[in-house]
Amino acid sequence: MKNRILSIDVLRGLTICLMIIVNTPGSWSYVYPPLQHASWHGCTPTDLVFPSFLFVIGLSMSISLKKLNSSNAIPILKKLIKRGGIIFIIGLLLNWFPFYQTHISDLRVFGVLQRIALAFILAGILISLIRQTSILIITAFTLLITHWALLYFLGGDNPFGLETNLGRSIDLFVIGENHMYNGFGVPFDPEGLLGTLSSSAQVLLGYIIGKNILQKGIPSAHELNRLALISLMLIFISLIWNIIYPINKPLWTGSYTLYTTGIITGVWGILIWIIDIRKKDRWTLPFKVFGQNPLASYILSIIVVKLFIYVFKVGNTSLYGWSFKNIFQTLFDNHFASFTFALVFTFMIWLVAFWLYKKGKIIKI
């Protein structure tokens with residue numbers, strides 16, 4: 001435990017905290033711009049949250065798979081695939097919960113946990129098969145370039161458009177429009193199959209960076225300089241690529257992968273300097289709590305939200321909507337009320353995570 005990289009736990013916990021906050025405003029009509037996703041092309045602070053979790057998965061794998069070798073690769077790979085499969089099924093069940101609300105014929109197949117699961121499995125397979133860092137780097141960029149080539153050459157006249165992109169066509173063919181996300185006004189799934197290529201590359205980049213920076217435990221000042229250089233280099237490459245290949249979260253483009261990885265790498269470097277090197281860690285407890293049970297906290301937040309919306313009612317109004325209107329809107333202006341609602345809801349989930357933290361319980365998924 002004394003050699004544990006606390007900055008990774010804090011980055012993981014901060015990511016989960018932000019995931020819950022941006023997912024649970026009091027009203028989607030009143031959300032501050034930084035807490036909204038970009039409408040299509042572009043990247044807001046909120047668009048950094050999901051890729052941060054994939055990046056941290058890669059960092060964590062660089063530590064947990066340190067003893068990976070040819071003799072134990074197959075058993076480890078089986079465990080990775082099993083864990084990914086469980087996460088996918090949980091995501092599918094969360095989409096369906098509370099079960100009576102949605103008929104199975106209209107059940108959305110993909111989602112956040114499903115994307116995490118598929119990216120985790122594909123990255124795990126590649127890490128298990130490829131030992132050399134240089135080849136892993138080539139593999140990660142090959143995934144990004146392959147994703148770009150498929151979108152660009154098979155996407156028609158508007159390869160990066162909402163209705164014309166190849167990812168949408170693949171999902172329509174494989175699972176059908178009834179099983180796709182409709183939040184964009186047409187059937188299009190931002191966590192669909194094709195984006196697994198570039199999101200897996202994000203996990204690989206986290207793994208590669210972690211493997212090289214964490215070789216001797218807590219990074220030194222010299223290794224922090226390397227981390228800063230990697231961060232700037234990835235951001236620079238992404239902005240150049242953005243000229244012909246837009247930074248786009250719903251498509252999870254390669255430019256988006258590199259841009260977000262660059263920023264998150266820089267943030268992690270700052271956390272290492274503050275927490276692991278200068279030992280300024282008294283403020284980290286809220287994030288350590290979420291960081292100990294990240295997926296369990298996220299899953300609990302989805303379950304509670306759905307209970308508040310579909311199960312718990314005040315008259316004919318959901319408890320979610322009623323509490324926002326009758327408590328938060330009476331105390332604050334609309335936008336701040338919506339933000340405060342999200343903070344209070346996140347704190348509720350945190351209290352459960354804190355109880356697990358105090359008990360030393362880690363829910364492994």
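Before any of the text, the structure's been laid out above.
Since the model is a prediction, treat every value here as computed from it, not as a measurement.

1. Examining the overall build of the protein
- Across its full length, the protein carries 13 helices and 2 strands.
- C-alpha atoms of the protein, sized along the principal axes, occupy 60 × 55 × 40 Å.
- Within the protein, residue pairs in contact and separated by at least 24 positions form 74% of the contacts whose partners lie at least 6 positions apart.
- Carbon and sulfur atoms provide 66% of the accessible area of the protein, an area that totals close to 17,400 Å².
- The centroid of the 29 positive side-chain charges in the protein is displaced by 17 Å from the centroid of its 13 negative side-chain charges.

2. A closer look at the packing of helix α1 (residues 6-23) against helix α13 (residues 334-359)
- Viewed as axis vectors pointing N to C, α1 and α13 meet at an angle of 135 degrees, and their least axial separation amounts to 8 Å. Relative to α13, the element α1 is oriented oblique. Handedness of the α1/α13 crossing: right-handed. Side by side, α1 and α13 meet where Cys17, Ile20 and Ile21 of the first sit next to Phe339, Ala342, Leu343, Phe345, Thr346 and Ile349 of the second.
- When grouped by side-chain class, the residues that make up the contact of α1 with α13 number 8 nonpolar, 1 polar and no charged.

3. Points about the packing of aromatic side chains
- This structure, assessed with the given rule, holds 27 aromatic pairs.
- Note on Tyr32 and Phe339: the rings are 6.0 Å apart at their centroids and 65 degrees apart in plane angle, and the pair reads as edge-to-face. Of this pair, Tyr32 sits in the loop between α1 and α2 (49-64) while Phe339 sits in helix α13, placing them 307 residues apart in sequence.
- Residue classification places Phe339 among the partly exposed positions, given a relative accessible area of 25%.
- Here the aromatic rings of Phe308 and Phe345 are separated by 6.3 Å at their centres, their planes lie at 80 degrees, and the arrangement is edge-to-face. Linking Phe308 in helix α11 (residues 294-311) with Phe345 in helix α13, this pair joins segments that are 37 residues apart in sequence.
- Overall, Phe308 belongs to the buried group, its relative accessible area being 15%.

4. Points about the side chain of Asp9
- Within the element layout of this structure, Asp9 appears in helix α1.
- Overall, Asp9 belongs to the buried group, its relative accessible area being 9%.
- A distance of 2.8 Å separates polar atoms of two side chains, one belonging to Asp9 and the other to Arg12.
- Other than its neighbours up to four places away in sequence, Asp9 contacts Arg4, Phe287 and Gly291.

5. Here we look at unusual backbone geometry
- Following Phe97, the chain continues into Pro98 via a peptide bond in cis, with omega recorded as 5 degrees.
- Position of Pro98 relative to the elements: it lies in the loop between α3 (73-96) and α4 (112-129).
- Despite not being glycine, Phe99 has its phi angle at roughly 75 degrees, a positive value.
- Structurally, the position occupied by Phe99 is in the loop between α3 and α4.
- With a phi angle near 60 degrees, Lys279 is a residue other than glycine that sits in the positive phi range.
- Within the secondary structure, Lys279 sits in the loop between α9 (254-277) and α10 (285-292).
- Judged by relative accessible area, Lys279 falls into the exposed class, the value being 51%.

Criteria and cut-off values
- Residues numbered from 1 in each chain as written.
- Predicted model: local features only at pLDDT ≥ 70, side-chain atom pairs only at ≥ 80, totals over all residues.
- Heavy atoms only, no water.
- Helix = DSSP H or I, 4+ residues; strand = E, 2+ residues; numbered from the N terminus.
- Contact = heavy atoms within 4.5 Å.
- Areas by Shrake-Rupley, 256 points an atom, 1.4 Å probe, with all protein chains shown as cover.
- Lys, Arg positive; Asp, Glu negative; His and termini not counted.
- Charge placed at Lys NZ, Arg CZ, Asp CG, Glu CD.
- Axes fitted to C-alpha atoms, helices over the stretch in contact; angles between N-to-C directions.
- Parallel < 35°, antiparallel > 145°, perpendicular 65-115°, else oblique.
- Left-handed = near helix turned anticlockwise from the far one by under 90°.
- Nonpolar A, V, L, I, M, F, W, Y, C, P; charged D, E, K, R; others polar.
- Phe/Tyr/Trp six-rings, centres within 6.5 Å; stacked < 30°, edge-to-face > 60°.
- Buried < 20%, exposed > 50% of the residue type's maximum accessible area, 1.4 Å probe, protein only.
- Polar contact = N/O pair within 3.5 Å; in protein donor to acceptor, adjacent residues only side chain to side chain.

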